[in-house]
Structure formats: C-alpha cells, structure tokens
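Descriptive structure summary
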Amino acid sequence: MNDFLKAILLLNACRAPVSAWTVLKRREDPAALWRGGEEFLKTLELRESSCKQLTELLSERDWADREMERTDRFGARFLPIDDVEYPPRLKDLPAPPLGLYVKGDLNLSKSMIAIVGTRRCSSYGRLTAEAIGRGVAQAGYQVLSGGAKGIDGAGHRGCLGAGGTTIAVLGTALDRVYPAEHRPLFHRIAEQGALVSEYPMGTGGNAWRFPERNRIIAGLCRVLVAVESPVDGGAMITARQGLDIGREIWCVPGRITEESAKGTNTLIRDGANPLIDIDEFIGKISGQYGQLLISFPSPPPDNLSPDEKNVLELLRREGKLTHDDIILKSGLGFSEVQMSLATLCAFHLAVESGAGRYEAITPPEQPREFSPRII
C-alpha cells in the first residue's frame, strides 16, 4: 500500500476534515503522519476526539494494511477523495468525507434521486415511497436513500421491483448493516446498485452516525424527495443540508393532523416543491427533453471557451439558475452569457429547465475497474 492511501485511510477513520488532508498533501510526505509525532499532528488542527482516535490507530502500526484486507475480503473498495471515481457532487458539502467504502456499482453516469422520510411512516407514505421509487427507476434514474425501515426501505423496494438501480448510504460500516432485518434488501441493493459508507469496517451503529451520514445523501443526490417526516426527523436534516448546497427539494404533502407529515408540510410552506403527481414530478426533473439528452454525445470540456466553461461550472455547482443569476454570479455580460448558454444547450451540456431557468446535464462517464489513485 502506498503511503498516501495509508494516510487517507487513517485520517478518514478519525473523521478528520479535508483541511488536514490538504496540509498533509502540501508536505508531499504522507509518512509525516506517523513519523512526525505530536508536534506534526498539531499542525493538522484536528478535534481532540479525532486526534485521540488517530493516535490510537497509529499505535497499531499496521491498522491501515489490515483495514484494506478487511475491505477486500468483504468485496468492497475504498475511494479516497482525490480518486477519479470519488463522486464530485460530494465536494459541494462543507465537510465531505475523505473517503467512501463502496460495495457494488456506484454508477455516476445516472442522476441520483434521493427518497427519504421517517421510519414510522403511514401506509400511505410507504406506498407513495414505493411508487416514487418505481417511477424514478422507470425514468432511468437511480434511487438513493439510507437503509432504515419505513420510507427508506420502501423507496429501495419500489426501484428494485422495477428493475432499477439503487444506492443505500449506511450509518454503519458496510459489514455491520442496520437494521438486521434488512439484510436481504441490502444484499439485493449491492447486486443491483451499491452500498456506501464513510465508516471503517466493523463500525457499529452509534445513534449520532445516522444524522452525520445524512449529509452524504444530500451531497450525492441531484433531487431530494421527502415523503413523510416529523419536524424533528432525520429527513428534515437531509433536506436542509440539500437546500444549503442547492439541491432541488420536493415533498409529498400530508394530512395536517398527522405528526409524521408536519416536517414535510413545513418544507413545502418554506418553498420546497409539492410532489402531487409522480408523472409530473418525473417530467419536471427530466427537463424539456427528459433523460434522452443524457445519452447524447458531448464534447470534452477542453473544447469549450473560457466563458462557456465558467457558465457550465456555475450551473453544475449551483443547480438551476436564471439568465440574470448567471450574469450576476459569473461577472459576464448579457451577450456572453446568452452565447455560452446557446452553445452549452446545443451540445447537450445544459438545458432550459423552466421559464428562463437553466441547469447543467451531467455528462455520461464510463464505469471502469477500481484502482485507487492519488492525484
């Protein structure tokens, strides 16, 4: 194992921030992590708990090697934040994980639609989540969710039943799934999609890990649907985190007398899109030309002019924007923005997704065999 991979495995295990990894890379000597002693660890500005955990792992000396052996034995792989297969959308988060453990096919060429909600859902909520999962799969998207009972499980089942691919982000390690009764479901997800976790092998399900995990769902998805959630539900955390980084939020309206729907109803009041018809929802998130656009060939970004690249990056980073928003945020003039949008739309890199609004289309990527590579 090379020293960079060993170092990022250790930092990820102790939940170090990206800034610590940046400091280590600048030194171009990852071995400083285990040779530099306490004085060097201070330069990483880790939290006390992270520093303590890192010190414990370093004392085991061969922890990273054994962790990779455990990962390989489980049939999973570890994607460091600098690996070309690491999902770029996660870098929108204020605190992206330094690495992801993945079992299955994490297909980044298909947009991910998150379906989230409460474990204690109503029959209506469960049936609705299954129907949305089915509709998402039939439209060619991937479902993304946690692994809990209730809405999470229903969304996955709806997708799998329609022959789609689905991704579960766990609040435990890949080899310590929770809840245990979902083991058959997790097995199907790993075969038809992927299981994802930021936690080292063997990590159990501490209660605080599940809300922490929610940011990964918010980061990975393009669109987030909250089906049912009380005001203090984990789905509310995910939706708020999604809003903070510009994800499109949809909510299924519920009865105002039901506690399990008060959170989602509140999100609608605060500006989330109401999901009142699944076909209409699929049509809205697909844009004027639907998923067909995604399979069209696109030129490599190097062929674009600096203005076009500027506008494209802005749309990818911030989601749907109006013409005026793009002028304001890019610093470009009216004609430069208009010409850039025309070019991006002509090459199917962007699309007009509503009245005067534009959004980027994720270009297809070819899946390839995993090979950890530090850039």
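Residues numbered from 1 in each chain as written. Predicted model: local features only at pLDDT ≥ 70, side-chain atom pairs only at ≥ 80, totals over all residues. Heavy atoms only, no water.

Attention shifts here to the overall build of the chain. From N to C terminus, the chain includes 16 helices and 12 strands. By the compact-globule yardstick of 21 Å for 375 residues, the chain fits well, its C-alpha radius of gyration being 21 Å. Considering only C-alpha atoms, the chain reaches an extent of 60 × 50 × 35 Å along its principal axes. Partitioning the contacts of the chain with sequence separation of at least 6, the portion at a separation of at least 24 is 70%. On the chain, roughly 17400 Å² of surface is accessible, and the fraction owed to carbon and sulfur atoms is 50%. Distance from the positive charge centre (45 side chains) to the negative charge centre (48 side chains) of the chain: 4 Å. (Helix = DSSP H or I, 4+ residues; strand = E, 2+ residues; numbered from the N terminus. Rg over C-alpha atoms; globule rule 2.2 N^0.38 Å. Contact = heavy atoms within 4.5 Å. Areas by Shrake-Rupley, 256 points an atom, 1.4 Å probe, with all protein chains shown as cover. Lys, Arg positive; Asp, Glu negative; His and termini not counted. Charge placed at Lys NZ, Arg CZ, Asp CG, Glu CD.)

Right, let's get into the packing of helix H1 (residues 3-13) against helix H2 (residues 18-27). Relative to each other, H1 and H2 sit at 160°, their axes nearing to 11 Å. Considered as vectors, H1 and H2 are oriented roughly antiparallel to each other. For the element pair H1 and H2, the recorded crossing hand is right-handed. From H1, Phe4, Ala7, Ile8 and Leu11 reach across to H2, where they touch Ala20, Trp21, Leu24 and Lys25. Along the lines of polarity and charge, the residues of the contact of H1 with H2 split into 7 nonpolar, no polar and 1 charged. (Axes fitted to C-alpha atoms, helices over the stretch in contact; angles between N-to-C directions. Parallel < 35°, antiparallel > 145°, perpendicular 65-115°, else oblique. Left-handed = near helix turned anticlockwise from the far one by under 90°. Nonpolar A, V, L, I, M, F, W, Y, C, P; charged D, E, K, R; others polar.)

Further remarks concern the sheet that holds strand E1 (residues 77-80). Hydrogen bonds between backbone atoms are what pair the strands of a sheet, whose relative direction is either parallel or antiparallel. One open sheet holds the 9 strands; their spatial order is E1-E2-E6-E5-E4-E3-E7-E8-E9, and the pairing between them is mixed. Strands with a single pairing partner mark the edges of an open sheet, and in this sheet they are E1 and strand E9 (273-274). (Pairing = 2+ DSSP bridges.)

In this structure, the amide linkage connecting Tyr178 to the following residue, Pro179, adopts the cis form with an omega of 0°. On the secondary structure map, Pro179 appears in the loop between strand E5 (166-169) and helix H9 (183-192). The phi torsion at Arg15 lies on the positive side, around 60°, for a residue other than glycine. Looking at where Arg15 falls in the secondary structure, it is placed in the loop between H1 and H2.

With that settled, the discussion passes to the state of the cysteines. Within the structure shown, the criterion is met by 0 disulfides. Free cysteine Cys14: the closest other cysteine sulfur is in Cys51, separated by 8.1 Å. Exposure remark for Cys14: the relative accessible area of 1% places this residue in the buried category. Left unpaired, Cys121 is separated from the closest cysteine sulfur, that of Cys251, by 15 Å. Owing to a relative accessible area of 16%, Cys121 belongs among the buried residues under this scheme. (Disulfide = S-S within 2.5 Å. Buried < 20%, exposed > 50% of the residue type's maximum accessible area, 1.4 Å probe, protein only.)

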